[in-house]
Amino acid sequence: MNLHEYQSKGLFRNYAIPVPDGVPISDAVDVENAAESLGGDRWVVKAQVHTGGRGKAGGVVLADSLEQAHSEAQRLLGSVLTTHQTGPQGLPVHEVLIEKPTVIARELYLSVLVDRATRRVAFMASQAGGMNIEEVAAATPEKIITISVNPVVGLQAFQCRQIAFAYGLEGGQIGELQAIMQGLYKLFMEKDASLIEINPLVVDEEGHLLALDAKINLDDNALYRHADLLQMRDLTQEDAREAAAAEHQLNYISLNGTIGCMVNGAGLAMATMDLVKLHGAEPANFLDVGGGATAERVAEAFKLILSDSNVKAVLVNIFGGIVRCDLIAEGIIAAVTEVGISVPVVVRLEGTNAQAGLEMLNHSGLNLDTADDLTAAAQKVVALAAG
Ligand code: GDP
Ligand code: MN
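What counts and what doesn't
- Residues numbered from 1 in each chain as written.
- Chains lettered and ligands numbered in written order.
- Predicted model: local features only at pLDDT ≥ 70, side-chain atom pairs only at ≥ 80, totals over all residues.
- Heavy atoms only, no water.
- Donors = N, O, S within 2.8 Å, 3.2 Å for Na, K, Ca; no water.
- Helix = DSSP H or I, 4+ residues; strand = E, 2+ residues; numbered from the N terminus.
- Near = heavy atom within 4 Å.
- Polar contact = N/O pair within 3.5 Å; in protein donor to acceptor, adjacent residues only side chain to side chain.
- Areas by Shrake-Rupley, 256 points an atom, 1.4 Å probe, with all protein chains shown as cover.
- Contact = heavy atoms within 4.5 Å.
- 1 Å grid on protein atoms, 1.4 Å probe; cavity = no way out; pocket = protein on both sides within 12 Å on 5 of 7 lines; lining within 4 Å.
- Points joined across faces, edges and corners; volume = space filled by probe spheres on them.
- Domains from an automatic or database assignment.
- Buried < 20%, exposed > 50% of the residue type's maximum accessible area, 1.4 Å probe, protein only.

Colleague: Got a minute to help me understand the coordination of the manganese ion (ligand 2) in this structure?
Modeller: Around a metal, the idealised angle for a tetrahedral arrangement of four donor atoms is 109.5 degrees; for an octahedral arrangement of six donor atoms it is 90 or 180 degrees. Donor atoms from the polypeptide that bind the manganese ion (ligand 2) are Asn 199 (O) and Asp 213 (OD), placed at 2.1 Å. Linking Asn 199 in strand S10 (residues 193–204) with Asp 213 in the loop between strand S11 (209–211) and strand S12 (215–218), this pair joins segments that are 14 residues apart in sequence.

Now the structure itself:
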């Protein structure tokens with residue numbers, strides 16, 4: 001689960017990480033009150049959407065007057081913001097953050113994440129703030145430094161200084177960075193975050209550090225112990241099909257291709273996607289119906305896949321280990337009868353009672369193709385999608 005920038009900044013304040021003063025609003029009539037409470041005569045208007053790249057997409061604007069702040073808030077609220085990270089469908093803007101502008105002397109990058117290679121929490125830092133970190137990593141990897149935190153002793157002062165020197169900070173800034181990093185580490189651990197990113201972390205005109213942007217991703221598996229964070233969830237920012245899948249305990253991720261995939265087991269799902277790609281098409285989704293796939297879940301999975309208008313053909317790939325293939329075949333037949341299908345479907349069954357299952361499908365009178373070998377199934381579904 002992701003948080004909005006203003007929610008992340010709220011958490012930052014609780015951990016003494018400095019951020020600009022700001023007020024989130026969801027109606028342009030509130031601009032005046034927000035601006036008044038912040039003071040000054042210029043304001044930053046920031047679209048609150050679960051994506052980066054807002055600045056370049058017109059989602060972050062510096063307003064020189066109250067009228068401009070009002071008109072920018074009005075323009076953004078209710079609009080759909082498309083950035084290089086969102087895909088063409090974009091994300092709806094229901095809230096904007098009105099902020100006191102900061103005069104920026106330097107833009108830095110700082111993040112905390114779980115480094116799977118070292119199995120530790122790591123800090124990543126770069127002097128190239130404000131830029132897309134993936135681009136920095138690709139073009140100038142030497143500009144990124146990483147430190148990993150020993151879980152027994154926690155984040156150490158010397159590690160903070162290491163990053164401070166890499167940034168070229170001086171004097172009091174070094175202590176400020178240390179306080180920010182300690183706050184981030186505490187926040188990361190206490191809230192079960194999987195990523196916290198500050199891009200940019202800025203040095204302002206007085207030489208002080210503050211977080212101009214804030215992004216927090218939380219570990220979904222730990223949300224059950226954070227009722228307060230769960231309340232911040234904004235479903236309008238999430239893929240509707242992914243949310244529906246979660247409701248039925250289906251592991252579903254939307255992708256951009258044309259082959260709908262229904263598979264049991266995450267590893268088999270990955271292998272199935274690989275084979276689809278190998279034979280020249282792109283998967284429309286990742287979908288793991290789980291080990292105990294029932295007829296009902298198979299039906300829900302079919303509905304999900306078919307609700308994606310990009311799907312040109314469906315590949316069902318089930319291994320009957322925990323479940324029996326004849327039961328799965330029953331489920332597929334029930335699902336297809338209920339949902340109806342408008343695109344070709346290829347089914348590959350393997351494992352317990354596979355032969356019985358395939359025969360049921362072949363004699364069902366439904367327009368289902370079967371295959372008993374994964375390569376043949378992948379080739380068939382790719383050809384059907386193209387034709
Ligand atoms: P993102 O584009 O979604 O990552 O949104 P950010 O919050 O990072 O804002 C994008 C850019 O807008 C920043 O990198 C800054 O260059 C600029 N910006 C945001 N807030 C301020 C501000 O208060 N003052 C100034 N001068 N620039 C700002
Ligand atoms: Mn940013």
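Now that the structure has been shown, the text picks up again.
Colleague: It is not clear to me how the site of ligand 1 should be interpreted in this structure. Could you clarify?
Modeller: Around ligand 1, the structure places 15 residues, and the nearest of them are Lys 46, Arg 54, Gly 55, Thr 102 and Glu 107. Separating a nitrogen atom of ligand 1 from a backbone N or O atom of Thr 102 is a distance of 2.8 Å. Note that an oxygen atom of ligand 1 is positioned 3.0 Å from one of the side-chain N or O atoms of Asp 213. In isolation ligand 1 exposes 560 Å². Once the protein is present, 77% of that is buried. Looking at the shell around ligand 1, the elements that each hand over two or more residues are strand S2 (43–47), strand S7 (104–115) and S10.

Colleague: What is the right way to read the side chain of Asp 213 from this model?
Modeller: Polar contacts involving the side chain of Asp 213 include one to the side chain of Arg 54, which spans 3.1 Å. When neighbours within four sequence positions are excluded, Asp 213 is seen to be in contact with Glu 5, Lys 9, Phe 12, Lys 46, Arg 54, Glu 197, Ile 198, Asn 199 and Pro 200.

Colleague: What is the right way to look at the layout of surface pockets in this model?
Modeller: Take a probe with the size of a water molecule and roll it over the atoms, and the empty space left behind shows itself. Within this model, the second largest pocket holds a volume of roughly 150 Å³. Lining the second largest pocket are Val 19, Pro 20, Asp 21, Lys 100, Pro 101, Thr 102, Val 103, Asp 204, Glu 205, Glu 206 and Leu 210. Residues from two domains meet in the lining of the second largest pocket; each of domain 1 (1–20 + 103–237) and domain 2 (21–101) gives at least three.

Colleague: Sorry if this is basic, but what is going on with the environment of Met 189 here?
Modeller: Structurally, Met 189 can be placed in helix H6 (residues 172–190). By relative accessible area, Met 189 is classed as partly exposed at 42%. Each C-alpha atom of the pair Met 189 and Gln 68 lies 40 Å from the other, and the pair is 121 residues apart in sequence.

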